[in-house]
Amino acid sequence: LIQQLEVLSKESDHRLLNDLQMIVSLLSLQSRASENAETASQLTAAADRIAMIGRIHRRLHSFDGAAIVAFKKFLDDLCSDFSSLVSSGRRGERDIAVEGVEIELPAVTCRPLGFIANELITNAAKYGKGRIIVRLERNCGKGYALSVSSDGSSLPEGFDPAASTGMGMRIIRSFVKQIGGELRIGPGDNNQGAGFTVLFS
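Worth saying up front: this structure is predicted, and the values here are computed from it rather than measured. (Residues numbered from 1 in each chain as written. Predicted model: local features only at pLDDT ≥ 70, side-chain atom pairs only at ≥ 80, totals over all residues. Heavy atoms only, no water.)

K.L.:
Any chance you could explain the confidence of the model for the protein chain here in plain terms?
P.N.:
Low pLDDT means the predicted coordinates in that region are not meant to be read closely. In this model, the protein chain carries an average pLDDT of 80, and 75% of its residues clear a pLDDT of 70 or more. When mean pLDDT is taken per element in the protein chain, strand S2 (residues 96-100) scores highest with 91 and helix H1 (residues 2-33) scores lowest with 76. (pLDDT = per-residue confidence, 0-100. Helix = DSSP H or I, 4+ residues; strand = E, 2+ residues; numbered from the N terminus.)

Next up, the structure:
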């Protein structure tokens, strides 16, 4: 019975990934067929986000269904996927470095943190320049801190993420709230560019 359940679970996962890939393909086709640049851009962004759901799902299952996941390794793999995606899309290769400590987290926590990291890296690649640094550190007050920073334009003075209507920031705020975390925004490394930090326990 256990073997049958394992087979059914793997088959269900396989079908889910195939369905997600079909949705990505349909959105990509619709994007290329659209004559409206704004609509095409939004469809492409939607396709990228759904593709990320598939990649996170696949990465988590590469840990053989473990309830606890080595999160820094998970981030390493996620950033490797992102770099490959950017390169294949001919948007120029980006150097993404993952630094900090290894921590073990429940898989249910890795999912929202994975989406948060992806959105922050996407923003850094879109608006920043140079090297993107993803850092995982211990934090005395909150437990742990996940940060993403890059060189480039600094954020406008008084920027309020809660007032932002952009889809990416709305997704980030939603997942930060889901894990009971806190989002902090400021300058990046060496006071250059922008840095986003999520504190969580």
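K.L.:
Please explain the nonpolar core as it appears in this structure.
P.N.:
A general trend in soluble globular proteins is that nonpolar side chains are found buried together. Formed by 39 residues in total, the largest nonpolar core has its most connected members in Phe71, Ile116, Val134, Leu146 and Phe200. Elements represented by at least two residues in this core include exactly helix H2 (37-61), helix H3 (71-88), S2, helix H4 (107-127), strand S4 (128-139), strand S5 (143-152), helix H5 (167-178) and strand S7 (194-200). It is H4 that contributes the most residues to this core, nine residues altogether. Look past the residues within four positions of Phe200 in its chain and what remains in contact with it is Ile103, Leu105, Leu113, Leu136, Lys142, Gly143, Tyr144, Ala145, Leu146 and Ile179. (Core = buried A, V, L, I, M, F, W, Y, C linked by side-chain atoms within 4.5 Å. Buried < 20%, exposed > 50% of the residue type's maximum accessible area, 1.4 Å probe, protein only. Contact = heavy atoms within 4.5 Å.)

K.L.:
Any chance you could explain the pattern of salt bridges here in plain terms?
P.N.:
Close approach of charged atoms lets side chains of opposite charge pair. Overall, the coordinates contain six salt bridges when judged by the stated rule. One salt bridge connects Asp76 with Lys72, and the closest N-O pair in it is separated by 3.9 Å. Here Asp76 pairs with Lys72, and both are found in helix H3, just four residues apart, close to one helical turn. According to the relative accessible area criterion, Asp76 is partly exposed, its value standing at 32%. In this structure, the salt-bridge partner of Lys142 is Glu182, at a minimum N-O distance of 3.5 Å. Placement of Lys142 in the loop between S4 and S5 and of Glu182 in strand S6 (residues 182-187) is noted, with a sequence separation of 40 residues between them. (Salt bridge = Lys/Arg side-chain N within 4 Å of Asp/Glu carboxyl O.)

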